[in-house]
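# Close look at the chain arrangement
Below are the chains, spelled out letter by letter.
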Amino acid sequence: MNFKRHTALAAASILMLSAFTACSSNPPAAQTPNTSQTESASDAKQQGFVLKYPQDMQELGYTDEIHLDEMPKRIASMSTYPVMTLYELGANMVAVPSTKVIKYPDDLKAEQFPGLMSDQFDLERVVATEPDLVILPTSARDTHGATLKELGIPVYYVSISSQGKLPIYDIIKNQTQALIDAFATDSATQETGKALMQRFDDLETQVTEVKKQYEGKKVLVLMSSDTTSHFIQGENGVLGSMLSMLGFENVYGAGVSGAQGGGHNSAPLDMEKTLDYQPDLVVFTGSMDKAGMEELIQKTIDQNPSYWNSIDAIRSGEYLCLPANYVSTAGIGIIDNMNNLIEILQAHYAN
């Protein structure tokens, strides 16, 4: 379908619907509300829907709150990060990105579209779902976000990386609270929201105890796509931030000298520089499941044993291979990832 034509038709339809509603909205004789439920509904309608940005996003320049007359009923989220929080809060999503990171619930009826980074992503398909709110990662603000703004479709942005500010765990926690503040509008969803945030608190209590075992241990985090392509990840990356929370010292964290230093999220592996790190533990992750990563890393070591065995941790078997959900995460999924990581580490060091 021609995009401009579709937009024009959509705009015309909205105008016709607005005119029809205005002509047919003569209310019956007014009745005096006599229940607190009626008063609450009236107050909610009068207040409308407000979705604010957390403080870390405001510091990046995202200060325009989303104000709608009522709760959005057709949400298109083109980031996995908000999906499970919105699902738990009962929000209606009409579109979500396809992903290998998580398995969506069977009763999530939203259409699954190729992700923004896919060559097959088609913004027109998103617009065709007639969303009243679109959620995009910040990376799409000047492209797809600008287009949606021109079409008059409200857009809310989420961060999917530290962007040099906070570890991704803290960003996800802040995002979750912002969504709860906006979508938890009755006692049931408010209780759901409290339970979601309690999961963060419970995890942090556990982390406080667990990190005592690992404080002072140095970790090298590598993302590997094939036997020769490796990226080193810093303490603010997804997996890097998890390990830092557990007390590990990231060798690519702040204070490291050289081209790889400075606490950046990730960079291509400098193989010569890496030999100087000599970490206590090496953790690999990539786009495969655990078995696939273990096979890939074994091939990697076998193809260049003189190099990899020069790293003491590799030679002595002090390394782990983790699946794709540790490259990226899906919002509150980071809680399960952290709990699983704690178990993996405990099993590793128990052996």
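These numbers come from a predicted model, not from an experiment.

### A look at the sheet that holds strand 6 (residues 133-137)
Pairing is parallel across the open sheet formed by five strands, whose spatial order is 5-4-3-6-7. On the outer flanks of this sheet lie strand 5 (111-113) and strand 7 (155-158), each paired with one strand and no other. Neighbour-to-neighbour, the strand axes of this sheet turn through a mean angle of 20°, independent of strand direction. Direction of pairing for strand 3 (residues 75-77) relative to strand 4 (residues 93-97): parallel, over a ladder of two bridges. Along strand 4, the bridge assignment pairs Ile75 with Met93.

### Some remarks on unusual backbone geometry
One can expect most non-glycine residues to show negative phi and most peptide bonds to be in trans. One non-glycine residue, Glu130, adopts positive backbone phi at about 55°. As for its placement among the helices and strands, Glu130 is situated in the loop between helix 5 (123-128) and strand 6. The exposure class assigned to Glu130 is exposed, which follows from its relative accessible area of 61%. One non-glycine residue, Gln278, adopts positive backbone phi at about 45°. With respect to the helices and strands, Gln278 occurs in the loop between helix 10 (271-274) and strand 12 (281-285).

### Examining the side chain of Thr285
Within the secondary structure, Thr285 sits in strand 12. Beyond its immediate stretch of four places on either side in the chain, Thr285 contacts Leu222, Met223, Ser224, Leu239, Met293, Leu322, Pro323, Tyr326 and Val327.

### Thoughts on the environment of Gly253
Along the chain, the position of Gly253 falls in the loop between strand 10 (249-250) and strand 11 (266-268). For Gly253, a relative accessible area of 2% gives the class buried. Sequence separation of Gly253 and Gly240 is 13 residues, and the distance between their C-alpha atoms is 9.0 Å.

### Brief notes about the confidence of the model for the protein chain
Interpreting fine coordinate detail is not advised for predicted regions of low pLDDT. Of the residues in the protein chain, 83% have a pLDDT of 70 or more, and the chain-wide mean is 85. The least confident element of the protein chain is helix 1 (residues 3-23), whose mean pLDDT is 39; the most confident is strand 3, at 98. Long-range and interchain partners of residues 1-46, a stretch whose pLDDT sits below 50, account for 13 contacts in this model, where long-range means more than four residues apart. Predicted confidence for residues 254-264 stays below pLDDT 50, and this span has 23 contacts to residues more than four positions away or in other chains.

### A word on the pattern of salt bridges
This structure, assessed with the given rule, holds nine salt bridges. One salt bridge in this structure joins Lys194 and Glu191, with 3.7 Å as the shortest N-O distance. Highlighted residues: Lys194 and Glu191, both in helix 8 (residues 187-210), separated by three residues, approximately one helical turn. The exposed category is assigned to Lys194, whose relative accessible area is 55%. Of the charged contacts, one joins Lys299 and Glu295 as a salt bridge, the two residues approaching to 3.5 Å between their closest N and O atoms. In this pair, Lys299 and Glu295 both sit in helix 11 (residues 290-303), four residues apart, roughly one turn of the helix.

### Focus on helix 11
Look at helix 11: 20 Å from first C-alpha to last across 14 residues, which is about the 20 Å you get at 1.5 Å a residue. Buried residues of helix 11: Gly292, Met293, Leu296, Ile297, Thr300 and Ile301, and no others. What you see down the axis of helix 11 is that its buried residues fit within an arc of 165°, all on one side. Facing away from the buried side of helix 11 by more than 90 degrees, the exposed set consists of Ala291 and Asp302. The inward-facing, buried residues of helix 11 contact strand 8 (218-224), strand 9 (230-233), strand 12, helix 12 (305-308), helix 13 (312-315) and strand 13 (319-322).

Criteria and cut-off values
- Residues numbered from 1 in each chain as written.
- Predicted model: local features only at pLDDT ≥ 70, side-chain atom pairs only at ≥ 80, totals over all residues.
- Heavy atoms only, no water.
- Pairing = 2+ DSSP bridges.
- Helix = DSSP H or I, 4+ residues; strand = E, 2+ residues; numbered from the N terminus.
- Axes fitted to C-alpha atoms, helices over the stretch in contact; angles between N-to-C directions.
- Buried < 20%, exposed > 50% of the residue type's maximum accessible area, 1.4 Å probe, protein only.
- Contact = heavy atoms within 4.5 Å.
- pLDDT = per-residue confidence, 0-100.
- Salt bridge = Lys/Arg side-chain N within 4 Å of Asp/Glu carboxyl O.
- Expected span 1.5 Å × (residues − 1).
- Arc of directions from axis to C-beta.

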